[in-house]
Amino acid sequence: MEMKYYPLSRTQKEIIFFEDECPGTAINSICALYQCEGDFADTMEKVVNSLVEHEQSFRLQMHKTEEGEWVQYEVPYEYFAVPRCPEPVTYEKMQEIAQAKSEEPFEVADSPLYKFEIFQGEGITYICCTLHHIINDGCGMALLGIMLTYGWRAVEGIAPYEWVHHRFTDFIEKENSPAKQKRREKDAVYWQEKFADWNGPACIKPGFEAPDEAYDGTRIERQLTDEEDAEVNAFFDKHGISSAVLFQTALIIYLYTKNPDRRRIDIGNMIMNRPTAADKAAIGNYAAEVMLCVPVAPDMTVMELIDAVGQANKDSYRHSSYLHDDIVEYLSEKSGEEVSICDIEFGFMPSMVEQLLEDVGGELPLTGEAFSAGIPETTMEYMIYNLTEGPLLLKMDYRLNMFTAEEAQQLFDDIWHIALRCTRENCTLKEF
């Protein structure tokens, strides 16, 4: 039978290009560590093997031709039992194992989509899953947790469940279809018109030039108190907005204070589809880095800005086939020199595992956390997410060649305090 090759999608091309340029890198390796209180090793082994069989049965594997072009083809599934560690482990040891796995390179071209391993501690079962960042992130961890819960319920006879059968070839063919190309062309016109008179980014540190290109970075974080968490969540409920909109608003206000002459602030943003929690396990999710272009003015109030941010999110979603990187490439070609759109990128991952599992009626006592050795690709990446019970956790990754530890901490605190002030005062931007 003749092998049928499929072209890579645009996102796949970007990922494989990076891996070609930086072979052996662990920047995109992620380790998801799940914990189940109780002895679930036998049942979860069945669940995980079933999940792996489902995912691997429909995967495409990449291949580099003699001409140097990357293509992909369907790979027949070969059973490979998920390994179980026979020795009991402590939580601290599991953290070390998960961190070490996240520091190993993940060859997306020829690796399985998921690499599972099952461990047991005293009264607890650990499910360790190593994967590539293009496959999963904080939100995807919650979705994977839902899939594990559905599978567990089926194995235990609580409720029947069958994996939804989709083929990656269908996605690739759709991505490369004439209809998709037509939409990209339409979205390209939209964004190119929006950036036709662009005069550079609104910078965190105006006038500052990094001494050299570097990917060395680190992370700081802040756990909200119960009182702070209750206050911001009450604001979300009152105004019907998400945490993403509040923190995007805070970021934009901060950038405006540093660039008060601007009448539009542009920031990179991660968007994801938002079906119901029950549907997510069936249809999966996608994420794309797009631009938020938000108008600003001195007399604009917080609530007016929040409305503008919400509209910018909708605009980005409607025109999301033309991404952040496409805009960078367009501006670079237009100006004749390399362009960096912004020196801050905001990612939002609302992945509360227990909340999503509660939505689907899961009884499995499952929690999760992520480990990564990846370095931020942007100057700073500001995230808010929570994978376990308790208040929201704020995290910020930053490049060491852009910020001192003191500067990064001050920036982190300033953005948080702006977000908190937004929940208390409907003041104007010039008052910040």
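Residues numbered from 1 in each chain as written. Predicted model: local features only at pLDDT ≥ 70, side-chain atom pairs only at ≥ 80, totals over all residues. Heavy atoms only, no water.

Novice: Kindly report on the overall build of the chain, identifying the contributing residues and their values.
Specialist: Looking only at helices and strands, the chain has 13 helices and 13 strands in total. Here the chain holds 432 residues, and the buried ones make up 52% of them. In the chain, the share of contacts with a sequence separation of at least 24, taken over all contacts with a separation of at least 6, comes to 77%. Accessible area for the chain stands at about 20900 Å²; split by element, carbon and sulfur atoms hold 50% of it. (Helix = DSSP H or I, 4+ residues; strand = E, 2+ residues; numbered from the N terminus. Buried < 20%, exposed > 50% of the residue type's maximum accessible area, 1.4 Å probe, protein only. Contact = heavy atoms within 4.5 Å. Areas by Shrake-Rupley, 256 points an atom, 1.4 Å probe, with all protein chains shown as cover.)

Novice: An account of the environment of Gly-151 is needed here, citing residue identities and associated values.
Specialist: As for its placement among the helices and strands, Gly-151 is situated in helix 4 (residues 138-155). Excluding residues that lie within four positions of it along the chain, Gly-151 makes contacts with Val-47 and Trp-163.

Novice: An account of the sheet that holds strand 3 (residues 60-64) is requested, with residue identities and associated values reported.
Specialist: Pairing is antiparallel across the open sheet formed by three strands, whose spatial order is 1-4-3. One side of each edge strand has no neighbouring strand; the edge strands of this open sheet are strand 1 (6-7) and strand 3. Bridge analysis of strand 1 against strand 4 (residues 70-74) gives two bridges, and the strand direction is antiparallel. Opposite Tyr-6, over in strand 4, you have Gln-72 as the bridge partner. (Pairing = 2+ DSSP bridges.)

Novice: Quick one: what's the story with the side chain of Asn-49, residue by residue and with numbers?
Specialist: Topologically, Asn-49 is positioned in helix 2 (residues 41-57). Given the relative accessible area of 11%, Asn-49 is considered buried. The contacts of Asn-49, once residues within four sequence positions are left out, are Tyr-79, Phe-80, Ala-81 and Val-82.

Novice: Please set out the pattern of salt bridges residue by residue, giving values where relevant.
Specialist: Pairing is possible between side chains that carry opposite charge, provided their charged atoms lie close to one another. Counting across every chain of the model gives 13 salt bridges. With its nearest N and O atoms 3.3 Å apart, the salt bridge here joins Lys-205 to Glu-407. Here the residue Lys-205 occupies a position in the loop between helix 6 (178-194) and strand 7 (217-223), and Glu-407 occupies one in helix 13 (residues 405-422), the gap between them amounting to 202 residues. A residue is classified by how much of its surface remains accessible, and Glu-407, at 36% relative accessible area, is partly exposed. (Salt bridge = Lys/Arg side-chain N within 4 Å of Asp/Glu carboxyl O.)

Novice: An account of the confidence of the model for the chain is needed here, citing residue identities and associated values.
Specialist: The predicted coordinates ought not to be read in detail in places where the model reports low pLDDT. Chain-level statistics for the chain give a pLDDT mean of 77 and a share of 79% at 70 or above. Considering only residues more than four positions removed or in separate chains, one finds that residues 374-378, a stretch of pLDDT under 50, has 16 contacts. Segment residues 384-388 is flagged for pLDDT under 50; beyond a separation of four residues in sequence, or across chains, it makes 32 contacts in the model. (pLDDT = per-residue confidence, 0-100.)

Novice: How would you summarise the nonpolar core if you had to cite specific residues and measurements?
Specialist: Leu-246, Ile-252, Val-294, Leu-305 and Trp-416 are the most contacted members of the largest nonpolar core, which totals 47 residues. Breaking this core down by element, the ones donating at least two residues are helix 7 (226-239), helix 8 (243-258), strand 8 (264-272), strand 9 (287-295), helix 10 (302-318), strand 13 (393-399) and helix 13. In terms of residues, this core owes the most to one element, helix 8, which gives ten residues. With sequence-adjacent residues up to four places away left out, Leu-305 is seen in contact with Thr-249, Ile-252, Ile-253, Val-294, Pro-295, Val-296, Met-300 and Leu-429. (Core = buried A, V, L, I, M, F, W, Y, C linked by side-chain atoms within 4.5 Å.)

Novice: Can you break down the side chain of Gln-61 residue by residue, with the values?
Specialist: Within the secondary structure, Gln-61 is located in strand 3. Overall, Gln-61 belongs to the buried group, its relative accessible area being 19%. Aside from chain neighbours lying at most four places away, what touches Gln-61 is Val-71, Gln-72, Tyr-73, Val-75, Ala-109 and Asp-110.

Novice: Quick one: what's the story with the packing of helix 6 against helix 10, residue by residue and with numbers?
Specialist: For the pair helix 6 and helix 10, the least separation of the axes is 10 Å and the interaxial angle reads 145°. Contact residues: Arg-183, Asp-187, Tyr-190 and Trp-191 in helix 6; Asp-315, Ser-316, Tyr-317 and Arg-318 in helix 10. Here the contact of helix 6 with helix 10 is composed, by residue class, of three nonpolar, one polar and four charged. (Axes fitted to C-alpha atoms, helices over the stretch in contact; angles between N-to-C directions. Nonpolar A, V, L, I, M, F, W, Y, C, P; charged D, E, K, R; others polar.)

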